[in-house]
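Structural overview for review
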Amino acid sequence: SQTIHQWPATLVQPVGSPLSLECTVEGTSNPNLYWYRQAAGRGLQLLFYSVGIGQISSEVPQNLSASRPQDRQFILSSKKLLLSDSGFYLCARTWGSGETQYFGPGTRLLVL
Amino acid sequence: QQQVKQSPQSLIVQKGGIPIINCAYENTAFDYFPWYQQFPGKGPALLIAIRPDVSEKKEGRFTISFNKSAKQFSLHIMDSQPGDSATYFCAASDSGTYKYIFGTGTRLKVLA
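Given the structure is predicted, the values throughout are model-derived calculations rather than measurements.

Right, let's get into the interface of chain B and chain A. Of the residues lining the interface, 20 residues belong to chain B; the matching set on chain A comes to 22 residues. Here chain B and chain A share an interface that buries about 1600 Å² over both sides, 56% of which is from carbon and sulfur atoms. Where chain B packs against chain A, one counts two salt bridges. Note that A:E99 is salt-bridged to B:R51, the shortest N-O span being 2.6 Å. Counting every contact that joins chain B to chain A gives seven residue pairs in polar contact (both at pLDDT 80 or more). Residue composition of the side of chain B that touches chain A, by class: eight nonpolar, six polar and six charged.

Structure (structure tokens):
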């Protein structure tokens with residue numbers, strides 16, 4: 001299986017609270033992993049990508065961070081959420097060194 | 001130079017029509033061009049992808065046309081159905097990076 005799991009599916013958090021979103025993937029080892037954010041009715045904004053354990057590249061400076069503690073686990077975190085952090089968060093992977101990205105089911109985050 | 005411009009923003013066609021979605025890019029290093037389909041509340045799903053060494057690729061009712069000299073590529077949906085109603089995203093990447101540049105999306109509605 002090449003399944004991508006994301007949880008939680010939906011999350012409602014108050015402003016200033018911490019955040020932890022998890023993505024785990026099955027199948028081929030050493031995938032490239034990606035976090036995207038999609039605002040309502042908008043396009044896909046790349047937040048972070050990782051080519052290996054402990055290797056994180058940040059695309060957009062903000063109050064979010066990412067970690068990859070295991071080969072098939074990618075975590076998105078924040079110490080203090082902002083209203084502007086609301087959106088649909090998507091994890092994506094490639095198969096090994098392949099170029100095609102495959103997306104998970106997403107986590108909808110609402111910050112109130 | 002890193003942008004991918006997608007048009008139109010929205011599109012309404014009758015069942016059986018052939019909606020066409022266009023994308024244009026500037027970076028001549030791009031060498032992989034996927035299209036994704038996204039239903040509300042779901043992650044994007046890969047539809048079809050093309051490389052610049054071919055001018056057209058078909059998969060089922062979906063066709064990509066690619067014009068390397070104009071730096072443009074298009075998605076055509078033959079015999080469109082109401083079930084094709086979704087948001088479509090084009091993207092571009094080059095094999096030297098691990099990142100996609102996404103278009104802003106086209107919301108397609110196919111009327112029954």
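Take the sheet that holds strand β8 (residues 72-77) of chain B next. In a beta sheet, neighbouring strands pair by backbone hydrogen bonds and run either parallel or antiparallel. Residue and element names in this part refer to chain B. Reading across the sheet, the five strands line up as β1-β3-β8-β7-β6 and stay open at both edges, with antiparallel pairing between neighbours. Whereas interior strands pair on both sides, the edge strands pair on one side only; in this sheet they are β1 (4-7) and β6 (56-59). Taking the axes of each pair of neighbouring strands and ignoring which way they run, one obtains an average angle of 15° across the sheet. Alignment of strand β7 (residues 62-67) against β8, held across six bridges, turns out to be antiparallel. When the sheet's bridge partners are listed, T63 is paired in β8 with H76.

Here we take up the sheet that holds strand β7 (residues 64-70) of chain A. All names here are of chain A. Taken in spatial order, the four strands make up an open sheet running β1-β3-β8-β7, and their pairing is antiparallel. The open sheet has two edge strands, β1 (4-7) and β7, and neither has a second partner. Here the strands of the sheet are splayed against their neighbours by 20° on average, with no regard to which way each runs.

All names here are of chain B. With six of six residues buried, strand β4 (residues 33-38) is to be regarded as a mostly interior element. In β4, alternate side chains face the same way, and those of F33, W35 and Q37 on one face and P34, Y36 and Q38 on the other are all buried. The pairing of β4 with strand β5 (residues 45-50) spans five bridges and is antiparallel. Bridge pairing links Y36 to L46 in β5. Counting the residues between successive antiparallel strands, the hairpin from β4 to β5 contains six residues, one of them, G41, with a positive phi of roughly 80°. Bridge count for β4 against strand β9 (residues 86-92) is four bridges, and the pairing is antiparallel. From the neighbouring strand, Y36 faces β9, where its bridge partner is F89.

How each quantity is defined
Residues numbered from 1 in each chain as written. Chains lettered and ligands numbered in written order. Predicted model: local features only at pLDDT ≥ 70, side-chain atom pairs only at ≥ 80, totals over all residues. Heavy atoms only, no water. Contact = heavy atoms within 4.5 Å. Buried area = accessible area lost by both parts, 1.4 Å probe. Salt bridge = Lys/Arg side-chain N within 4 Å of Asp/Glu carboxyl O. Polar contact = N/O pair within 3.5 Å; in protein donor to acceptor, adjacent residues only side chain to side chain. Nonpolar A, V, L, I, M, F, W, Y, C, P; charged D, E, K, R; others polar. Pairing = 2+ DSSP bridges. Helix = DSSP H or I, 4+ residues; strand = E, 2+ residues; numbered from the N terminus. Axes fitted to C-alpha atoms, helices over the stretch in contact; angles between N-to-C directions. Buried < 20%, exposed > 50% of the residue type's maximum accessible area, 1.4 Å probe, protein only.

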